[in-house]
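Structural overview for review
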Amino acid sequence: SAVISQKPSRDICQRGTSLTIQCQVDSQVTMMFWYRQQPGQSLTLIATANQGSEATYESGFVIDKFPISRPNLTFSTLTVSNMSPEDSSIYLCSVEAPGAVNTGELFFGEGSRLTVL
Amino acid sequence: QKEVEQDPGPLSVPEGAIVSLNCTYSNSAFQYFMWYRQYSRKGPELLMYTYSSGNKEDGRFTAQVDKSSKYISLFIRDSQPSDSATYLCAMSHTGGFKTIFGAGTRLFVKA
């Protein structure tokens, strides 16, 4: 298994500000994934972060709004920029299960619950 | 049409009941099928994983995949209050990594 730590666990932010969420994994992983979970909706993939390259964003998500860093094989950050109330959501970091390649078996962090006023 | 459809519930059952949770999907390329359990204010945890069609059993949990009908199920036997959580189905295929999740079904097991 993989242990994933996310910070902050929750935050309340003002409209127009930015917040950076950190994700630390207890083992080296190739890909890290950032998901958004809005109330009553399914998990939506924001982007895939590979170490040493630009993150790959899914349709509807752009780098200017959700810049991602991946400085090494155990750490990543997601920034939610110029926040609006519509960005209120749970943001989740995840990695593939050890030995699982492109099978969808994922481990998740506890999530960062963001409320934008 | 969503790629994965899942009834959000809530589903409320008495302790000891057999629970059936289901998802339908539209993409016939999906080959990997997962069920995740998510407790309140926690991240999802992988509960069951199945490749292609068939059944898989793990303790009180049984996962079924019927690719011909594009239908997957999770059965929970002898349900316990500790099973109260949101259950998310998920699926992916090898054509390009992306896991698609259902919206999740909220389950309440009453003591």
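Preceding block: the structure.
Not measured: the values here are computed from a predicted model. (Residues numbered from 1 in each chain as written. Chains lettered and ligands numbered in written order. Predicted model: local features only at pLDDT ≥ 70, side-chain atom pairs only at ≥ 80, totals over all residues. Heavy atoms only, no water.)

What follows deals with the overall build of chain A. For chain A, the helix and strand inventory stands at zero helices and 11 strands. Order of helices (α) and strands (β) in chain A, N terminus to C terminus: β-β-β-β-β-β-β-β-β-β-β. For 117 residues, the compact-globule formula gives about 13 Å, and the C-alpha radius of gyration of chain A, at 13 Å, lands near that figure. Its C-alpha atoms put chain A at 40 × 25 × 25 Å along the principal axes. Per-residue burial over chain A gives 52% buried out of 117 residues. When the accessible area of chain A is evaluated, it comes to approximately 5,400 Å², of which 49% is carbon and sulfur surface. (Helix = DSSP H or I, 4+ residues; strand = E, 2+ residues; numbered from the N terminus. Rg over C-alpha atoms; globule rule 2.2 N^0.38 Å. Buried < 20%, exposed > 50% of the residue type's maximum accessible area, 1.4 Å probe, protein only. Areas by Shrake-Rupley, 256 points an atom, 1.4 Å probe, with all protein chains shown as cover.)

All right, on to the overall build of chain B then. Scanning chain B for helices and strands turns up zero helices and 11 strands. Across chain B, helices and strands are ordered from the amino to the carboxyl terminus as β-β-β-β-β-β-β-β-β-β-β. Scaling as 2.2 N^0.38, a compact globule of 111 residues should have a C-alpha radius of gyration of about 13 Å, and chain B matches this with 13 Å. Along the longest, intermediate and shortest principal axes, the C-alpha atoms of chain B span 45 × 25 × 20 Å. Taken across its 111 residues, chain B has 45% of its residues classed as buried. Residue pairs in contact within chain B that sit at least 24 positions apart in sequence constitute 55% of those at least 6 positions apart. Taken as a whole, chain B presents about 5,200 Å² of accessible surface, with 47% of it coming from carbon and sulfur. In chain B, which carries 12 positive and 10 negative side-chain charges, the distance between the mean positions of the two groups comes to 6 Å. (Contact = heavy atoms within 4.5 Å. Lys, Arg positive; Asp, Glu negative; His and termini not counted. Charge placed at Lys NZ, Arg CZ, Asp CG, Glu CD.)

As a further point, take the sheet that holds strand E8 (residues 75-80) of chain A. Strand pairing in a sheet takes place through backbone hydrogen bonds and is either antiparallel or parallel in direction. Residues and elements named next belong to chain A. If you walk across this open sheet you meet the four strands as E1-E3-E8-E7, and the pairing is antiparallel. For this open sheet the edge positions go to strand E1 (4-7) and strand E7 (68-72), each flanked by a neighbour on one side alone. Strand-to-strand twist in this sheet, taken as the mean axis angle between neighbours without regard to direction, amounts to 15°. The pairing of E1 with strand E3 (residues 19-25) spans four bridges and is antiparallel. When the bridges of E3 are listed, Ser5 appears paired with Gln24. (Pairing = 2+ DSSP bridges. Axes fitted to C-alpha atoms, helices over the stretch in contact; angles between N-to-C directions.)

Within the secondary structure, A:Phe66 is located in the loop between strand E6 (56-57) and E7. In contact with A:Phe66, not counting residues within four places along its chain, are A:Arg36, A:Ile46, A:Tyr57, A:Phe61, A:Leu78, A:Thr79, A:Val80, A:Asp87 and A:Tyr91.

Below, the discussion takes up the pairing of strand E8 (residues 71-76) of chain B. Residue and element names in this part refer to chain B. Bridge count for strand E3 (residues 19-25) against E8 is six bridges, and the pairing is antiparallel. Across the sheet, residue Ser20 finds its bridge partner in E8, namely Phe75. Sheet topology places strand E7 (residues 61-66) next to E8; six bridges connect them, and they run antiparallel. Bridging across to E8, Gln64 finds its partner in Ser73. The antiparallel hairpin formed by E7 and E8 contains four residues in its connecting segment, where Lys70 sits at a positive phi of about 55°.

Close approach of charged atoms allows side chains of opposite charge to pair. Inspection of the entire model under this criterion finds five salt bridges over all chains. In this structure, the salt-bridge partner of A:Lys65 is A:Asp87, at a minimum N-O distance of 2.6 Å. Separated by 22 residues along the polypeptide, A:Lys65 in the loop between E6 and E7 and A:Asp87 in the loop between E8 and strand E9 (89-96) bring together distant segments of the chain. Linking B:Arg37 and B:Glu45 is a salt bridge whose minimum nitrogen-to-oxygen distance equals 3.1 Å. (Salt bridge = Lys/Arg side-chain N within 4 Å of Asp/Glu carboxyl O.)

Note on placement: A:Thr77 falls in strand E8. A polar side-chain atom of A:Thr77 sits 2.6 Å from a polar atom in the side chain of A:Ser69. (Polar contact = N/O pair within 3.5 Å; in protein donor to acceptor, adjacent residues only side chain to side chain.)

Geometry only, nothing functional implied.
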